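One letter stands for each residue in the lines below.
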Amino acid sequence: MKRRFTDIYFLLLILLIPFGTVAQCDAPGIPEGMTFEEPGDYRSADALAADCMEWLLAHDLDYCASDRNELNAFVLVWLSGHPDLIVDVKKEAMPFLRSHPELLYPMLHGMAMYLMETPEKECNEVNAHVAGLEAVTDAIGKCSDYKKDEELKRLRKDRRKGRLEERVQEWIK
């Protein structure tokens, strides 16, 4: 009888462990009341914005949806007014936009990260778009919802074969 009680107790303990652990998002925190009023405010948030974009690009598009939405909103506000960082996205380079508008975020984040990491003299429009499309292909590679879309399949294939730059040049001539 004692052996059976121990087995049941052990089984219950194993079954209840997942309920004791709370899944937490490890998303960067946006300070309460953060505002952007002057150019310096945007520049002082560069590191936080980079952390947010890195986190967003590293996780599936459906991971921690509420945190993801907050971070995307923060990055958009930061990008929209940053005095030194202009992300000029050409809609022609986003053939997926009509069917998958949510992929605009990884596109913007990939382009912004490229612009932040590349010296201004070396930046060019084609490479910025390639970086954005690479971020998009990474994002769709993590999610099975995109596996059937022909345009996204072609995009992933072009990346694998090293043809993204060629495609971008065709799109944004």
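Presented here is an overview of the structure given in this document. None of the values given here were measured: they were computed from a predicted structure.

What follows concerns the overall build of the chain. Counting secondary structure elements, the chain contains 8 helices and 0 strands. With 173 residues in all, the chain has 35% of them scored as buried. Sequence separation of at least 24 residues holds for 62% of the intrachain contacts in the chain that already meet a minimum separation of 6. Accessible area for the chain stands at about 11200 Å²; split by element, carbon and sulfur atoms hold 53% of it.

Residues Phe74, Trp78, Phe96, Leu133 and Leu155 are the most contacted members of the largest nonpolar core, which totals 42 residues. At the level of secondary structure, the elements contributing two or more residues to this core comprise α3 (46-58), α4 (65-81), α5 (104-117), α6 (125-141), α7 (150-160) and α8 (164-171). Look past the residues within four positions of Phe96 in its chain and what remains in contact with it is Leu103, Met107, Leu133, Val136, Glu151, Leu152 and Leu155.

The next point concerns the layout of surface pockets. Considered as a void within the structure, the largest pocket measures approximately 250 Å³ in volume. As for the largest pocket, its lining consists of Asp46, Trp78, His82, Pro83, Asp84, Leu85, Ile86, Leu115, Met116, Thr118, Glu120 and Cys123. Empty space within the second largest pocket amounts to approximately 160 Å³. If you list the elements that add at least two residues to the lining of the second largest pocket, you get α5 and α6. For the lining of the second largest pocket, the class distribution of residues is 5 nonpolar, 1 polar and 3 charged.

Residues of α7 that are buried: Glu151, Leu152, Leu155 and Asp158. In a view along the axis of α7, the buried residues occupy a sector of 120°, so they form one face of it. Residues of α7 that are exposed and angled more than 90 degrees away from the buried face: Glu150 and Arg160. Of the surrounding elements, those touching the buried residues of α7 are α6 and α8. Of the residues one or two after α7, Gly162 is the one with positive phi, at around 70°.

With that out of the way, let us pick up the pattern of salt bridges. Counted according to the given criterion, the structure contains 9 salt bridges. Between Arg43 and Asp84 there is a salt bridge, with the nearest N and O atoms lying 2.6 Å from each other. Linking Arg43 in helix α2 (residues 39-44) with Asp84 in the loop between α4 and α5, this pair joins segments that are 41 residues apart in sequence. Residue classification places Arg43 among the partly exposed positions, given a relative accessible area of 39%. With a shortest N-O distance of 2.5 Å, Arg159 and Asp138 are connected by a salt bridge. Taken together, the positions of Arg159 in helix α7 and Asp138 in helix α6 put the pair 21 residues apart, joining distant regions of the chain. Among the residues examined, Arg159 registers a relative accessible area of 30% and is labelled partly exposed. Overlapping salt bridges bring together Glu151, Arg154, Asp158, Arg163 and Arg167 as one network.

A few words on the packing of aromatic side chains. Tallied over the full model, the rule gives 3 aromatic pairs. Taking the centre distance of 4.7 Å and the plane angle of 15° together, the rings of Phe36 and Tyr42 count as stacked. Across the pair, exposure class does not vary: Phe36 and Tyr42 are buried alike. Ring geometry for Trp55 against Tyr63: centres 5.8 Å apart, planes inclined by 40°, an arrangement best described as tilted.

What counts, and at which threshold
- Residues numbered from 1 in each chain as written.
- Predicted model: local features only at pLDDT ≥ 70, side-chain atom pairs only at ≥ 80, totals over all residues.
- Heavy atoms only, no water.
- Helix = DSSP H or I, 4+ residues; strand = E, 2+ residues; numbered from the N terminus.
- Buried < 20%, exposed > 50% of the residue type's maximum accessible area, 1.4 Å probe, protein only.
- Contact = heavy atoms within 4.5 Å.
- Areas by Shrake-Rupley, 256 points an atom, 1.4 Å probe, with all protein chains shown as cover.
- Core = buried A, V, L, I, M, F, W, Y, C linked by side-chain atoms within 4.5 Å.
- 1 Å grid on protein atoms, 1.4 Å probe; cavity = no way out; pocket = protein on both sides within 12 Å on 5 of 7 lines; lining within 4 Å.
- Points joined across faces, edges and corners; volume = space filled by probe spheres on them.
- Nonpolar A, V, L, I, M, F, W, Y, C, P; charged D, E, K, R; others polar.
- Arc of directions from axis to C-beta.
- Salt bridge = Lys/Arg side-chain N within 4 Å of Asp/Glu carboxyl O.
- Phe/Tyr/Trp six-rings, centres within 6.5 Å; stacked < 30°, edge-to-face > 60°.

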